[in-house]
Amino acid sequence: MATEINKNRRCVVIAGAPGADAALIRAALKPDDYIICADRGYKTAVEADITADLLVGDFDSYEGELPSNVEIIRLNPEKDDTDTLHCVKTALERGFTDFLLLAATGGRLDHTLANLSVTEYLADRGSRCIILSENEKAELLTVGAYTYSGCKGLTFSVFPYGCQKAVLSYKGAYYPLEHGVLTHSVSNIFTADKAEITVHEGKALLIINTRKDS
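Residues numbered from 1 in each chain as written. Predicted model: local features only at pLDDT ≥ 70, side-chain atom pairs only at ≥ 80, totals over all residues. Heavy atoms only, no water.

A. Spatial organisation of the pairing of strand β1 (residues 10-14). The element β1 is extensively covered by neighbouring structure, given that five of its five residues are classed as buried. Here β1 shows no split at all, with R10, V12 and I14 on one side and C11 and V13 on the other all buried. In this sheet, strand β5 (residues 98-102) lies alongside β1 in parallel orientation, the contact comprising five bridges. Opposite R10, over in β5, you have D98 as the bridge partner. Here β1 pairs with strand β2 (residues 34-38) via four bridges, running parallel. Residue pairing for β2: V13 is matched across the bridge by I36. Between the parallel elements β1 and β2, the chain passes through helix α1 (residues 22-28) in a crossover that is right-handed. (Buried < 20%, exposed > 50% of the residue type's maximum accessible area, 1.4 Å probe, protein only. Helix = DSSP H or I, 4+ residues; strand = E, 2+ residues; numbered from the N terminus. Pairing = 2+ DSSP bridges. Right-handed = clockwise from strand over helix to strand, strands pointing away.)

Encoded structure:
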């Protein structure tokens with residue numbers, strides 16, 4: 001089912017974290033997004049008045065009737081992967097390479113960490129994934145240069161992820177960096193309208209605080 005069209009289309013996965021902000025989710029969507037709900041994520045989609053393209057899960061955390069006019073992939077409750085990881089694996093098979101995860105943080109810490117691991121899974125397969133919450137935007141960066149526009153004044157932190165060290169450079173940051181070896185970099189600030197983060201070695205988890213008053 002993979003198509004060339006999907007390579008130019010974003011896949012949005014709505015996970016099952018409780019207390020998701022319906023207004024944030026609606027605002028984050030684009031008209032041509034392909035939307036997958038992971039188990040209880042369907043409840044969040046209904047509350048946000050969003051029509052899903054696909055539902056995936058064992059539905060052990062969702063109570064209620066499932067729609068008859070939406071594709072559903074039912075999973076065995078005894079499985080190795082999380083519902084969210086099953087969602088992205090299915091999307092990869094269908095040709096998607098650009099991902100946004102919503103309702104993926106908060107609630108149980110182990111589920112949040114599992115969803116962060118999904119970003120690495122996708123990065124290792126050449127796909128880009130952003131996790132967006134009410135206050136943060138997180139992204140796993142691999143070797144390469146990344147440009148950030150419209151982030152001036154926002155705080156960001158960077159942590160090596162899945163590796164012993166990461167070597168990075170920052171341009172347009174309050175604390176600039178040139179081929180620095182990081183164990184962590186907390187509470188830096190974007191100072192330019194167009195900033196750049198370059199990963200020279202390793203992988204790095206970037207977390208941008210999207211609220212300037214925090």
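Past the structure itself, the notes keep going.
B. Here's a closer look at the side chain of K203. As for its placement among the helices and strands, K203 is situated in the loop between β13 (194-201) and β14 (204-209). At 3.0 Å, the side chain of K203 and the side chain of E120 are in polar contact. Beyond its immediate chain neighbours, meaning those up to four positions away, K203 contacts E120, D124, L140, L141, T142, F159, P160, Y161, C163 and A166. (Polar contact = N/O pair within 3.5 Å; in protein donor to acceptor, adjacent residues only side chain to side chain. Contact = heavy atoms within 4.5 Å.)

C. Seen up close, the state of the cysteines. This structure, assessed with the given rule, holds zero disulfides. A disulfide-free cysteine, C129 has its sulfur positioned 9.2 Å from the sulfur of C11, the nearest such atom. With relative accessibility at 3%, the residue C129 sits in the buried group. Note on C151: no disulfide assigned, nearest cysteine sulfur contributed by C129 at a separation of 17 Å. (Disulfide = S-S within 2.5 Å.)

D. Summary view of the packing of helix α3 (residues 83-93) against helix α4 (residues 109-123). The interhelical angle for the contact between α3 and α4, taken along N-to-C directions, is 20°, at an axis separation of 10 Å. Judged by the angle between their axes, α3 and α4 are roughly parallel. As α3 runs across α4, the sense of the crossing is right-handed. Of α4, the residues touching α3 (which contributes T84, L85, V88, K89 and L92) are N115, V118, Y121 and L122. For the contact of α3 with α4, a count of residues per class yields six nonpolar, two polar and one charged. (Axes fitted to C-alpha atoms, helices over the stretch in contact; angles between N-to-C directions. Parallel < 35°, antiparallel > 145°, perpendicular 65-115°, else oblique. Left-handed = near helix turned anticlockwise from the far one by under 90°. Nonpolar A, V, L, I, M, F, W, Y, C, P; charged D, E, K, R; others polar.)

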